[in-house]
Amino acid sequence: GIQVEQSPPDLILQEGANSTLRCNFSDSVNNLQWFHQNPWGQLINLFYIPSGTKQNGRLSATTVATERYSLLYISSSQTTDSGVYFCAVVETSGSRLTFGEGTQLTVNP
Amino acid sequence: KAGVTQTPRYLIKTRGQQVTLSCSPISGHRSVSWYQQTPGQGLQFLFEYFSETQRNKGNFPGRFSGRQFSNSRSEMNVSTLELGDSALYLCASSRGWTPDRDEQYFGPGTRLTVT
């Protein structure tokens, strides 16, 4: 099956700093989603981005499908950005999301 | 539009018992998928239902089963609970017509503890 790798596994920042999270995947995908898992466990949708670039406030994402990677950018980080960020993909003709291991982000005041 | 709802939010069960979890998808969505999250295995796919039929299944033992009703609500059942079944169970909802392209939306999860 498809493999998803996220880096870095852990990231510690000071409030106001910028960061880039990376997601590599091993095969063609028609669906790529970025999630933020809140402290209560719910996965919050950040981006649906199988290709191209999107922005939402301080967050933006880029997926280069031909090179099989996606990047999530967080600018001017805030303590509320802390948590685990997951990348998940659905391979062509599939329906299940395959998740990476996640990036644990800690933003200190 | 209301989001995905899951009940109950928390459960404590004893080894050997069985448990049923419920998920109500976003209105108009026909597909419901279930995922298990544990510290050791991460997020793993259990199964997906579309129009009351299981369309996809992950690599879990037969103790894990599910069903979907005509209103798209879904239940999953775990029989003969084991300690290793302690996990956060997440349900995801999507339109379902283009499964490899549909955006999936998650509920708040059910946290199951088996003692």
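(A) Seen up close, the environment of Gln104 of chain B. Relative to the elements of secondary structure, Gln104 of chain B occurs in the loop between strand E9 (87–94) and strand E10 (105–106). The buried category is assigned to Gln104 of chain B, whose relative accessible area is 3%. Linking Gln104 of chain B and His29 of chain B, residues 75 residues apart in sequence, is a C-alpha distance of 9.9 Å. Once residues within four sequence positions are removed from consideration, Gln104 of chain B is found in contact with Gln33, Phe35, Asn45, Val90, Ser95 and Leu97 of chain A together with Ser33, Tyr35, Ala92, Ser93 and Ser94 of chain B. Side-chain polar atoms of Gln104 of chain B contact the backbone oxygen of Ser95 of chain A, separated by 3.1 Å. Engagement of the side chain of Gln104 of chain B in a polar contact is seen with the side chain of Tyr35 of chain B, the distance being 3.2 Å.

(B) Focus on the sheet that holds strand E3 (residues 19–24) of chain B. All names here are of chain B. Read from one edge to the other, the open sheet built from 4 strands follows the order E1-E3-E8-E7, with strand pairing classed as antiparallel. Either end of the sheet is taken by a strand with one partner, and the two such strands are strand E1 (5–7) and strand E7 (64–68). Here the average twist between neighbouring strands, direction ignored, is 20°. Relative to E3, E1 runs antiparallel, the two sharing 3 bridges. Looking across to E3, one finds that Thr5 is bridged to Ser24.

(C) Region of interest: the nonpolar core. Trp34 and Leu72 of chain A are the most contacted members of the largest nonpolar core, which has 22 residues in total. Taken together, the elements giving at least two residues each to this core come down to strand E2 (10–14), strand E3 (19–25), strand E4 (29–37), strand E5 (43–48), strand E7 (59–64), strand E8 (69–74), strand E9 (83–91) and strand E11 (103–108) of chain A. Among all residues touching Leu72 of chain A, those that are not within four sequence positions of it are Ser19, Thr20, Leu21, Trp34, Leu46, Phe47, Ser60, Ala61 and Tyr85 of chain A. Grouped together as the second largest cluster of nonpolar side chains are 21 residues, Trp34, Tyr49, Tyr89 and Cys91 of chain B included.

(D) Seen up close, the environment of Tyr48 of chain A. Position of Tyr48 of chain A among the secondary structure elements: in strand E5. A C-alpha to C-alpha distance of 9.8 Å links Tyr48 of chain A and Ala88 of chain A, two positions 40 residues apart in sequence. Within the local environment of Tyr48 of chain A, its side chain forms a polar contact with the backbone oxygen of Arg101 of chain B, the two atoms lying 2.5 Å apart.

(E) The side chain of Asp100 of chain B, seen in detail. You can see Asp100 of chain B is positioned in the loop between E9 and E10. In this structure Asp100 of chain B is buried but unpaired, with Arg101 of chain B as the nearest side chain of opposite charge at 4.2 Å. Those residues within four positions of Asp100 of chain B in sequence are excluded, and the remaining contacts are Asn30, Asn31, Val90, Glu91, Thr92, Ser93 and Gly94 of chain A.

(F) Highlighting the sheet that holds E8 of chain A. All names here are of chain A. With respect to topology, 5 strands assemble into an open sheet ordered E1-E3-E8-E7-E6, the strand pairing being antiparallel. Whereas interior strands pair on both sides, the edge strands pair on one side only; in this sheet they are strand E1 (4–7) and strand E6 (52–56). With strand direction ignored, the average angle separating the axes of adjacent strands in the sheet is 15°. Relative to E8, E7 is paired through 6 bridges, and the arrangement is antiparallel. Paired with Val64 across the two strands is Tyr69, which belongs to E8.

Criteria and thresholds
- Residues numbered from 1 in each chain as written.
- Chains lettered and ligands numbered in written order.
- Predicted model: local features only at pLDDT ≥ 70, side-chain atom pairs only at ≥ 80, totals over all residues.
- Heavy atoms only, no water.
- Helix = DSSP H or I, 4+ residues; strand = E, 2+ residues; numbered from the N terminus.
- Buried < 20%, exposed > 50% of the residue type's maximum accessible area, 1.4 Å probe, protein only.
- Contact = heavy atoms within 4.5 Å.
- Polar contact = N/O pair within 3.5 Å; in protein donor to acceptor, adjacent residues only side chain to side chain.
- Pairing = 2+ DSSP bridges.
- Axes fitted to C-alpha atoms, helices over the stretch in contact; angles between N-to-C directions.
- Core = buried A, V, L, I, M, F, W, Y, C linked by side-chain atoms within 4.5 Å.
- Lys, Arg positive; Asp, Glu negative; His and termini not counted.
- Salt bridge = Lys/Arg side-chain N within 4 Å of Asp/Glu carboxyl O.

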